[in-house]
Amino acid sequence: PNAVALNRHYDKYDVFVMQLDGQKEWEIGLLRTDASMKDEYSIDNAHWTNNTLTPGDILYIPKGIYHAATTANGYNSTTHITIGLESWD
């Protein structure tokens, strides 16, 4: 339970996550709406939201958005698929 699947990080490409088995807690670091455009988006100034994925749920994470995942309480293991979409430009 609460096993860390992914530490807080970002990807350089868009990501789709599909939950297959069990439940996983996802933290998504959103750009703060009260931040000025001069503020740089970082782990420290992100607004963190929590989202629980259950089997069949799909989560879209745009490139550059910080995120992390842990196994939800009550589950010893979970399974998800991640599909990364790299652009060629």
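About the cut-offs
- Residues numbered from 1 in each chain as written.
- Predicted model: local features only at pLDDT ≥ 70, side-chain atom pairs only at ≥ 80, totals over all residues.
- Heavy atoms only, no water.
- Pairing = 2+ DSSP bridges.
- Helix = DSSP H or I, 4+ residues; strand = E, 2+ residues; numbered from the N terminus.
- Axes fitted to C-alpha atoms, helices over the stretch in contact; angles between N-to-C directions.

J.: When you look at the sheet that holds strand β4 (residues 46-53) in this model, what are you seeing that I'm missing?
T.: Strands pair in a sheet through their backbones, by hydrogen bonds, and they do so in one of two ways: parallel or antiparallel. Pairing is antiparallel across the open sheet formed by 4 strands, whose spatial order is β1-β6-β3-β4. Only two strands of the sheet have a single neighbouring strand rather than two, namely β1 (4-9) and β4. With direction set aside, neighbouring strand axes in the sheet form an average angle of 20 degrees. Two elements, β1 and strand β6 (residues 66-71), share 3 bridges in a ladder whose sense is antiparallel. Within the sheet, the bridge partner assigned to H9 lies in β6 and is H67.

J.: Even after reading the chapter, I still don't get the sheet that holds strand β5 (residues 58-61), so can you show me in this structure?
T.: If you trace the 3 strands from one edge of the open sheet to the other, you get β5-β2-β7, paired in antiparallel fashion. Looking at which strands have only one partner, the edges of the open sheet turn out to be β5 and β7 (79-85). Taking each pair of neighbouring strands and ignoring which way they run, the sheet shows an average axis angle of 20 degrees. Inspection of the sheet shows strand β2 (residues 14-21) paired to β5 by 4 bridges, in the antiparallel sense. Directly across from V15, in β5, lies its bridge partner I61.

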